[in-house]
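Survey of secondary and tertiary structure
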Amino acid sequence: MASVLKSAVVAGLVAGTIDIGCACTINHVGPVPILRFIASGLLGAPLPHEPWVYCLGMVLQWLMSIIIAAIFVYAATRIPALLRNWVASGIAYGVVVYFVMTFGVVPLSRARSGHVTVQSFVLNMLAMLLFGLIVAYLALRLRSPSEPRRRTAPRSNAA
């Protein structure tokens, strides 16, 4: 269980931090407006332009990312195929995360999100695919030594 927790925390922190960078790139802004938007999901708007708001946004981002990563990491302990096929699993998980966050979590929060356009859909979906790939890769790399690792069969030169 400690391995699951460690993997979830590391994967969540890495993927969540990179996700902030993706959001900055997609929206052509620095991290401050992104972190304020995340904090507004809990507090509503308007929010003051103060450091505690940005810190709250980052903490909320990391908490959500760790929870999202923990779901995948735990599932991978029960379904080993998720790690054997980590690329496909990460992409599929990214798709699920996108739809849950965009059409479930954000609308139920106090944040005021904009309309989903084709461009915002594509860019944000790509960001979530990256998120899923990071989580799946780190879940694979950080599992405990007692867990079975996928071994590749040696190649045979026989025809």
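Because the structure is a prediction, the values reported are computed rather than measured.

Procedures and definitions
- Residues numbered from 1 in each chain as written.
- Predicted model: local features only at pLDDT ≥ 70, side-chain atom pairs only at ≥ 80, totals over all residues.
- Heavy atoms only, no water.
- Helix = DSSP H or I, 4+ residues; strand = E, 2+ residues; numbered from the N terminus.
- Buried < 20%, exposed > 50% of the residue type's maximum accessible area, 1.4 Å probe, protein only.
- 1 Å grid on protein atoms, 1.4 Å probe; cavity = no way out; pocket = protein on both sides within 12 Å on 5 of 7 lines; lining within 4 Å.
- Points joined across faces, edges and corners; volume = space filled by probe spheres on them.
- Nonpolar A, V, L, I, M, F, W, Y, C, P; charged D, E, K, R; others polar.

Considering unusual backbone geometry
- Put simply, Ala45 and Pro46 share a cis peptide bond, and its omega is 0 degrees.
- Positionally, Pro46 belongs in the loop between helix H2 (31-43) and helix H3 (51-78).
- Positive phi, close to 55 degrees, is recorded for His28, a residue that is not glycine.
- The topology assignment puts His28 in the loop between helix H1 (2-27) and H2.
- Look at His28 and you get exposed, because its relative accessible area is 73%.

Some thoughts on the layout of surface pockets
- Its volume calculated, the largest pocket comes out at about 1100 Å³.
- Ranked by the residues each element gives to the lining of the largest pocket, the list is headed by helix H5 (residues 86-108), at seven residues.
- Tallied by class, the residues present in the lining of the largest pocket amount to 25 nonpolar, eleven polar and two charged.

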